[in-house]
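Chain by chain, the residues:
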Amino acid sequence: MNATIIFGGLVALMLTGMPISIALGLTVLAFLFTMTAVPIDTVALKLFTGIEKFEIMAIPFFILAGNFLTHGGVARRMINFATSMVGHWYGGLGLAGVIACALFAAVSGSSPATVVAIGSVILPAMTRQGFPKQFGAGVITTSGALGILIPPSIVMVMYSVATSGMQATGPDGQVVSAASVGELFMAGVIPGIILASLLAATTWYRAYKNDYPRLPKASWLERWQTFRKAVWGLLLIIIVIGGIYTGVFTPTEAAAMSAVYAFFIAVFVYKDLKLSDIPRVLLSSANMSAMLLYIITNAVLFSFLMTHENIPQALGEWMVNSGLNWWMFLIAVNILLLAAGNFMEPSSIVLIMAPILFPVAVRLGIDPVHFGIMIVVNMEVGMCHPPVGLNLYVASGITKMGITELTVAVMPWLLTMLAFLLAVTYIPEISLFLPRFLGM
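The sections below set out a description of the structure shown in this document. Owing to the predicted nature of the structure, the values given are computational and were not obtained by experimental measurement. Residue indices follow the written sequence of each chain, beginning from 1 at its first position. For a predicted model such as this one, the threshold for reporting local features is a pLDDT of at least 70, and the threshold for listing and counting side-chain atom pairs is 80 or more; totals across whole chains, interfaces and linings nevertheless cover every residue. Side-chain measures were taken over the full set of non-hydrogen atoms in the model, leaving aside hydrogen atoms and water.

Remarks on helix 12 (residues 220–246)
Working definition: helices are DSSP H or I runs of at least four residues, strands are E runs of at least two. Numbering for both runs from the N terminus. Under the convention used throughout, the expected extent of a helix is 1.5 Å for every residue step, that is, one less than its residue count. For helix 12, which comprises 27 residues, the first-to-last C-alpha distance of 33 Å sits more than 12% below the rise-based estimate of 39 Å (1.5 Å per residue). The quantity called bend is, for any residue, the angle between two axes fitted respectively to the seven residues ending at it and the seven beginning at it. In helix 12, a bend of some 55 degrees at Val231 exceeds every other bend along the element. Buried residues along helix 12 sit in contact with helix 4 (58–71), helix 5 (74–86), helix 6 (92–108), helix 10 (181–187) and helix 13 (251–269). Just downstream of helix 12 lies Gly247, where phi reads positive at about 80 degrees. Any two residues whose heavy atoms approach within 4.5 Å at even a single point are treated as in contact.

Below you can see the structure in the form of structure tokens.
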């Protein structure tokens, strides 16, 4: 009954057009003050302690690094390198776009940032080369979603934050803890490479089928020159992933290092970003960080209410007692998350759903790391379909295409992503092989 009241109130407030963060806060406060005896000072304390986590500091640092890289010419050099390698294949510029998105995703952590950085450079080039605008838009909109699967990923940090400190009992009675940011980052590497390969294969097939243009084959000297120019940006991948794996620094420290490094190469190495532009980049990063931190604060309060009312535990008991097994639960979760993606953005979905679903998943014997990667892939799909897919709106601004037209354009790649989601859901080793191999 309490769960019905809480979620009914939340949906009702969201239907009024109220921002999700405010709707979360009002729902929690209204329920706590009218239907529980929880002291007000506990609520205030929870608001502050909710974001008093070291991992959360990674979010503003990754956002700042992504903004430095977006404005600092790193994307253009990555595109030139990718084009020199695969430009002579069918759909060469499209393939270069997929590879460039994967490379930029490995340094930015943000999906919309990847679409902006790569799309604003490569989409006009594809149009000049003779590619249909719909083809280019489909490639970049979906490939940009790699920004939240290939580490570092802000959405993975969100999942870790939303479930941090939570422990649940597995089917064998063993207590299972939440996944760490480092584990999730390593778990995202192989799925990210596989999805990038599948999107590239879809791009190549459609280009081959329609005989789209190909570029002249670059010489090895040209490839070396483009690699040399792009290497400063590519080194950031090694710094972040290598640093976390070797234990030189934590994911949060890696985020701070990436921000400093991105600033250095954008201003002093590539010199595409002037010192006079720094305040604008800092302000933009602060705005985005403040928005996400405000959502996190209210989502933590919502999670506290769920735990206080024992809703996740009750849900887990009901599912186990009703005979629902792990594979049926995963189908239900996928449907729920894909449906939520129709009207909510990824950060809000993860922060609301993860604390509720995590104990149930563990109770049914599902690994927390595998479950986290599955949620992230769901968020990827949600960013590429209407009505609130962020990548669609970003791509629409670049291409000047309507959302309906873009939705049709992305469909072949979106179907590929859905097939990949099915594979990630039911083949846990895709996510778990690398963390286990590394002893994590």
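Moving on from the coordinates now.
Section: the packing of aromatic side chains
Aromatic pairs are defined between Phe, Tyr and Trp rings, using the six-membered ring for Trp, whenever the two ring centres lie within 6.5 Å; interplanar angles under 30 degrees are classed as stacked, those over 60 as edge-to-face, and all others as tilted. Counted according to the given criterion, the structure contains 16 aromatic pairs. Plain terms: the ring middles of Tyr90 and Tyr208 are 5.1 Å apart, the flat faces sit at 85 degrees to each other, and that makes the pair edge-to-face. Of this pair, Tyr90 sits in the loop between helix 5 and helix 6 while Tyr208 sits in helix 11 (residues 189–210), and the two are 118 residues apart along the sequence. For each residue, the accessible area found with a 1.4 Å probe, counting protein chains only, is set against the maximum for its type, and the residue is called buried under 20%, exposed over 50%, and partly exposed in between. Tyr90 sits in the partly exposed class, given a relative accessible area of 21%. On the basis of relative accessibility, which here comes to 46%, the residue Tyr208 falls in the partly exposed class. Consider the rings of Trp224 and Phe227, whose centres lie 5.9 Å apart with planes at 35 degrees: the pair is tilted. Taken together, the residues Trp224 and Phe227, both in helix 12 and three residues apart, mark about one turn of the helix. Assessed through its relative accessible area of 31%, Phe227 is described here as partly exposed.

Quick look at the side chain of Ser153
Inspection of the secondary structure assignment puts Ser153 in the loop between helix 8 (133–143) and helix 9 (154–163). Of the polar contacts made by the side chain of Ser153, one reaches the backbone oxygen of Ile148; its length is 2.7 Å. From its side chain, Ser153 meets the backbone nitrogen of Val155 in a polar contact 3.3 Å long. For Ser153, the residues in contact, after removing those within four places along its chain, are Gly109, Gly147, Ile148 and Phe185. Any pair of nitrogen or oxygen atoms within 3.5 Å is treated as a polar contact; in protein, a donor-acceptor pairing is required on top of that, and neighbouring residues in sequence qualify only through side-chain atoms on both sides.

Things to note about the side chain of His88
Mapped onto the elements of the fold, His88 is located in the loop between helix 5 and helix 6. Those residues in contact with His88 that lie beyond four places of it in its chain are Arg214, Leu215, Pro216, Lys217 and Arg223.

So, the state of the cysteines
Such a bond, covalent and formed between the sulfur atoms of two cysteines, is termed a disulfide. Pairs of cysteine sulfur atoms within 2.5 Å are what we label disulfides. The tally for this structure, following the rule as stated, stands at zero disulfides. Unpaired in terms of disulfides, Cys384 finds its nearest cysteine sulfur in Cys101, a separation of 10 Å. The buried category is assigned to Cys384, whose relative accessible area is 0%.

Quick word on the environment of Phe131
In this structure, Phe131 sits in the loop between helix 7 (111–129) and helix 8. On a C-alpha basis, the gap between Phe131 and Gly94 in space is 8.9 Å, while along the polypeptide they are 37 residues apart. Sequence-distant contacts of Phe131, that is, excluding residues within four places in its chain, are made with Gly91, Gly92, Leu93, Met126, Tyr212 and Pro213.

Notes on the nonpolar core
Soluble globular proteins tend to bury their nonpolar side chains together. Nine residue types can take part in a nonpolar core, namely buried Ala, Val, Leu, Ile, Met, Phe, Trp, Tyr and Cys, and a core is a set of them joined through side-chain atoms within 4.5 Å. Ile118, Tyr159, Phe302, Phe329 and Phe371 are the most contacted members of the largest nonpolar core, which totals 157 residues. When near neighbours in sequence (up to four residues on either side) are disregarded, Phe302 contacts Ile6, Phe7, Leu10, Leu24, Val28, Ile352 and Ile356.

Observations concerning a nonpolar patch on the surface
A patch consists of residues exposed above 30% relative accessible area that lack any salt bridge, with like charges linked at up to 9 Å and nonpolar side chains (Val, Leu, Ile, Met, Phe, Trp, Tyr) linked at up to 5 Å. Areas reported here follow the Shrake-Rupley algorithm with a probe of radius 1.4 Å; residue values treat only the protein chains shown as occluding. Salt bridge criterion: a side-chain nitrogen from Lys or Arg within 4 Å of a carboxyl oxygen from Asp or Glu. On the surface, a cluster of nonpolar side chains totalling about 470 Å² of accessible area is made up of Trp326, Trp327, Met328, Ile331 and Ile335. In this fold, Met328 is placed in helix 16 (residues 326–340). Met328 gets classed as partly exposed once you look at its relative accessible area, which sits at 32%.

Quick look at the pattern of salt bridges
Counted according to the given criterion, the structure contains four salt bridges. Note that Arg76 is salt-bridged to Asp272, the shortest N-O span being 3.6 Å. Of this pair, Arg76 sits in helix 5 while Asp272 sits in the loop between helix 13 and helix 14 (278–308), and the two are 196 residues apart along the sequence. Between Asp277 and Arg280 there is a salt bridge, with its nearest N and O atoms 3.6 Å apart. One connected set of salt bridges, linked through shared partners, spans Arg76, Arg77 and Asp272.

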